[in-house]
Each structure stands twice: as C-alpha cells, then as structure tokens.
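# Structural overview for review
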Amino acid sequence: MAEKSFKYVIVGGGVSAGYAAREFAKQGVQPGELAIISKEAVAPYERPALSKAYLFPEGAARLPGFHVCVGSGGERLLPEWYKENGIELILNTEIVKADLASKSLTSAAGETFKYKILIIATGSTVLKLTDFKVEGADAKNILYLREIDDADKLVEAIKAKKNGKAAVIVGGGYIGLELSAVLKINNFDVKMVYPEPWCMPRLFTADIAAFYEGYYEKKGINIIKGTVASGFTKNDNGEVKEVKLKDGRVLEADIVVVGVGARPLTNLFKGQVEEDKGGIKTDAFFKTSVPDVYAVGDVATFPMKMYGDIRRVEHVDHSRKSAKQAVKAIFASEQGKDIEAYDYLPYFYSRSFDLSWQFYGDNVGDAVIFGDHDPASAKAKFGSYWINDGKVVGAFLEGGAPEENQAIAKVAKAQPPASSLDVLAKEGLEFASKI
Ligand code: FDA
Ligand code: NAD
C-alpha cells in the first residue's frame, strides 16, 4: 500500500484545519510540506452555517459560499487555494490508526502517512440515542447534525416531508435551539423536549432562558421540559412515527432531530498522549505531552490563563484561534523564537429567527439581568452580567450592535469591580460602555 510522507500533517479537515492552513501559508510553508487529511469530502468550511443558513427554505447557504475563513471576515479558501499553496488536501480519507511513536497514520483504505509534526484537529462527534440503547432510536428520519453530509440528509428529509408536518427536537442546547427555529422556518409543527428546567443550562440563567423559551413559544414552538425521549415507534417503512416520553406522553413525529451533546474525537490517540477533562492535554502553545504532536480546537484541553485553570472549549472562535496559535508556535520553535502564551477570552454566540446573542468571559458567580427581556416586546434587547469575587467576569447580550458587543467583550476581559447587582441592573449597557 502507498506511503506518503510530509513535514506537517493535520488530521481532521474542519474549522481548525482550515484556519491552520491559512497560518501555515502566512508563515511560508513550502509546497509539499503540509497535508490535511479529512474524512469529509469537502475542503474546510465554517461549520456553524450548517445549523443556520444551510437549512433555510429560501436563499440557503451552499458551498463554496462558506469555506473558511469567511466566518471571521477573512479570505475564502477554495479548494484551488490549497493547490496554489502546495498544500495537499486529502479528502474522503478517514484515519483509523495513529502510532505516535513511529509518527505514522493509517487510513481506512490502508494508506500510510508519515509526518514530522502532527496537528490533531479531529473535533467532536455527536452523542447518539442508539449509544444509550433508547428503544427504536435506529428509525429512519431520526437525524443528527455535525457534518455537511448530515446537513444534506436533513435538507432531504425536510423536502420530503414538505410543509405542515411534525418535527420533534430532542435536546435543549445549541443544536436544540438552532434546529427548532430552522424547522419552524421550514413550516414544521415543532416540539422541543429536554430534561432540564430551562434551555441551555450550561450557559443561560433561568432569566435568560425564560426570554428564549417565551420567544420560541410565541413563534409556535411547543416546549416540553423535565422529561426525555425514552423510545420511538416506526411506521411500515421503518420511519419514525412517534416519540415516547419518559413521563408517558407520546408525540407524533415525521422528523426527529437529536442534539444531546458532543464527544471529542480522541479515540485514535488513547493511551498514547496525556488527556484531561475529556480532551487531549496541551500547553499554552497547543503542544501535547508527546513531542512534535499538537492538538487544537474541540479536542484540546488547554490552560485558560485568565482563570488559572484548564478547559476544553467546543466553540468556533477558539477553534480558529487555537489553530493559529499552534502554527505560530511550530514556526517560532523552528526559528528558535518565543511567542506569547495563549490568553483566551471565551466567546460564544448563537443566532436563530431574528435573534442573535453573544457571550464573553465566564458564567460563574451571581448573575443579574438588564434591559427589555420581555419575549412579547417588538424588539427586545437585554443582557446579563456575572459577578464573582466582586468583579464582573462574564457578559451576555441579545440584539447588540457591533460596538455594544465589543463593549461587553471589554468588560469580560477587564473584569472591572462591580459596585452592586442593583447598580449593574440599572446601568445595563452603560456600565459596559464606560470601560
Ligand atoms: P471540526 O468538527 O470543525 O472538524 C473536525 C474534522 O475532523 C472534521 O472534518 C471531521 O470529519 C474530521 N475527522 C474527525 N476524525 C477524523 C479521522 N479519524 N480521520 C480523518 N478526519 C477526521 N460554535 C460557535 O461558536 N458558534 C456557532 O454558531 C456554532 N455552530 C455550530 C453548528 C453546528 C451544526 C456544529 C456541529 C457546531 C457548531 N459550533 C458553533 C461549534 C464549532 O463548529 C466547533 O467548535 C468547531 O467546528 C470545532 O472545530 P474543530 O476543527 O476542532 O472540529
Ligand atoms: P449541548 O451540550 O449544547 O446540549 C445538549 C443538551 O442535550 C442539554 O442541554 C440537554 O438539554 C439535552 N439532553 C441531554 N440528554 C438528553 C436526553 N436524553 N433527552 C433530551 N435531551 C437531552 O450539545 P448540542 O446542542 O448537541 O451541540 C453539540 C455540539 O455542537 C456542542 O459542541 C456545541 O458546542 C456545538 N454547537 C455549538 C453551537 C453554537 O455555539 N452556537 C451551535 C450548534 C452546535
């Protein structure tokens, strides 16, 4: 079987890989030195588009429109760009074995790839209800969303079922909220089911969640909380027909979309590299415990300088920035230079319907809400601050203008002292604009 050898190999062809490629080119990588190996069939693209404009009934986003790096306002790297830069894009190729000791990777088709320096950028995979042995979870039209192939299956299912049919969304996190909205926009009768007392409990306070739940209800989405999908029934074609809930209720369903969390894809490297918090442990330059092996994006557990701990982050801003940092570190170390340690300010965002929120910093301590958070308002606009040890450590804003979002980012970075919760609630955005 064929063996290929590269100076640098990136395993995974997602967001991090694309942003890493751009930085490699900027640092002067030579033709033939870099390969990106991806099990997907397409060049790196901005994954967030898949749960948003990709699923719109009209004017849907399609490749090549959203190849990296358009999501951060950068140049769009089309497949030709990789060719022109002498970067080998090895698509439709799944790595099934990695031997970090002999610096070699093996693909499902049996090819061997040797490298001097490896960047692990395998991202995450979805948790499936079949993993939890939920009865009937293998029915057709129970769909997940991670990669473009999954999104295409969703598009097909949406088209096949046409308007006015029933969709059940299992999960109240990012996928749950974004997909409920997009299926509603596609004219489905949408029900959401999740076990927690409010949506997005990883980030939202009860007050923040109440706005989104109210807004979704206003749009006609029916939210069922405090229970889970415990089984599914199928029709004669093996397609999902009903969702059975643990509390005894039964929901009709033509399509089910499941978003019950993700798991970082670290299996290939198990036992070969140090792990922590479910990810591959790195330093502030995304170097792992194995020499010449870096890990970036969703799989990396890295030092969060601002908070003095280590974390794994499953969001696109970090995947872009960690990729850039790792490539800069590789070139700096080859040139005997130093670069600054990664100093990341967490930044998450989401969009659905005509809503758009941003969050910066850390959601720990006491939270206070400000502004108009009435879901019935024509143009609600509100935010929240988190206060820990007398300092404002996190800030959230729905419906902010660019300069207002920048202002809350500044607050989260500067961590100004907070006088009192009441004052913050009263001052709202004004507090941020003074920083
Ligand atoms: P990413 O998942 O992008 O790429 C991993 C790549 O590795 C994939 O191409 C995969 O096929 C490949 N791969 C894995 N194993 C392999 C193997 N063994 N061999 C070869 N290839 C392999 N974040 C945010 O901040 N705002 C948002 O709005 C959204 N929206 C959003 C929507 C949807 C639908 C998803 C799934 C995710 C988001 N995210 C997000 C999260 C964000 O997209 C995510 O954090 C980044 O894509 C992570 O980038 P990585 O490069 O680490 O993984
Ligand atoms: P998530 O962790 O955001 O949410 C999972 C949710 O699943 C929980 O909040 C809970 O409500 C629910 N849940 C868990 N078990 C359940 C069960 N048995 N039945 C019903 N509900 C159950 O994960 P996700 O929404 O699946 O997102 C997957 C990945 O994609 C994550 O890495 C996420 O960060 C990423 N993503 C991010 C964005 C964004 O940042 N805007 C958008 C889409 C996806």
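Rules behind the numbers
Residues numbered from 1 in each chain as written. Chains lettered and ligands numbered in written order. Predicted model: local features only at pLDDT ≥ 70, side-chain atom pairs only at ≥ 80, totals over all residues. Heavy atoms only, no water. Near = heavy atom within 4 Å. Polar contact = N/O pair within 3.5 Å; in protein donor to acceptor, adjacent residues only side chain to side chain. Areas by Shrake-Rupley, 256 points an atom, 1.4 Å probe, with all protein chains shown as cover. Helix = DSSP H or I, 4+ residues; strand = E, 2+ residues; numbered from the N terminus. Nonpolar A, V, L, I, M, F, W, Y, C, P; charged D, E, K, R; others polar. Domains from an automatic or database assignment. Core = buried A, V, L, I, M, F, W, Y, C linked by side-chain atoms within 4.5 Å. Buried < 20%, exposed > 50% of the residue type's maximum accessible area, 1.4 Å probe, protein only. Contact = heavy atoms within 4.5 Å. Expected span 1.5 Å × (residues − 1). Phe/Tyr/Trp six-rings, centres within 6.5 Å; stacked < 30°, edge-to-face > 60°. Lys NZ or Arg CZ within 6 Å of the ring centre and 35° of its normal. Pairing = 2+ DSSP bridges.

### A look at the site of ligand 1
- Taken together, 32 residues are adjacent to ligand 1, and E40, K52, R146, E147 and D298 come closest.
- The side chain of R47 places a nitrogen or oxygen atom 2.8 Å from an oxygen atom of ligand 1.
- In the model, an oxygen atom of ligand 1 is placed 2.5 Å from a nitrogen or oxygen of the E147 side chain.
- Coverage of ligand 1 by the protein amounts to 96% of the 990 Å² it exposes when considered alone.
- If you list the elements that add at least two residues to the shell around ligand 1, you get α1 (15–26) and α6 (316–334).
- Per-class residue counts for the shell around ligand 1 are 11 nonpolar, 12 polar and 9 charged.
- Shared between two domains, the shell around ligand 1 takes at least three residues from each, and those domains are domain 1 (3–125 + 263–334) and domain 2 (129–260).

### Quick word on the nonpolar core
- Ranked by internal contacts, the top residues of the largest apolar core, which has 132 residues, are F24, L105, L118, F204, Y212, W357 and Y385.
- Not counting residues within four places of it along the chain, the set of residues in contact with F204 comprises L177, W198, C199, A209, Y212, W357 and F396.
- Grouped together as the second largest cluster of nonpolar side chains are 20 residues, V134, A139, L245 and V258 included.

### Concerning α1
- Taking 1.5 Å per residue, 12 residues should reach 16 Å; α1 reaches 17 Å between its end C-alpha atoms and fits that length.
- Of all the 12 residues making up α1, 9 are buried; the element is thus mostly covered by neighbouring parts of the structure.
- Within two residues after α1, G28 carries a phi angle of roughly 90 degrees, on the positive side.

### Here we look at the packing of aromatic side chains
- This model, assessed by the stated rule, comprises 30 aromatic pairs.
- A centroid spacing of 4.7 Å and a plane angle of 5 degrees characterise the contact between Y347 and Y360, whose relative ring orientation is stacked. Taken together, the positions of Y347 in strand β22 (residues 347–352) and Y360 in strand β23 (residues 355–361) put the pair 13 residues apart, joining distant regions of the chain. Accessibility assignment for this pair places Y347 and Y360 in one class, buried.
- Members of the aromatic cluster, each reached through a chain of ring pairs, are Y174, F204, F211, Y212, Y215, Y216, F353, W357, F382 and F396.
- The aromatic ring of Y54 is capped on one face by R62, whose charged end is 3.9 Å from the ring centroid.
- The cationic tip of K128 hangs over the ring face of Y144; the distance from NZ or CZ to the ring centre is 5.2 Å.

### Digging into the pairing of strand β21 (residues 309–312)
- Here strand β20 (residues 300–304) runs beside β21; their pairing, made up of 4 bridges, is antiparallel. Bridging across to β21, M304 finds its partner in D309.
- The loop that links β20 with its antiparallel partner β21 comprises 4 residues; one of these, G308, has a positive phi angle of about 65 degrees.

### Some words on the site of ligand 2
- The local shell around ligand 2 holds 22 residues, among which I175, E196, G261, E314 and Y349 are the closest.
- Backbone polar atom of G172 to an oxygen atom of ligand 2: 3.0 Å apart, as the coordinates give it.
- Residue composition of the shell around ligand 2, by class: 11 nonpolar, 7 polar and 4 charged.

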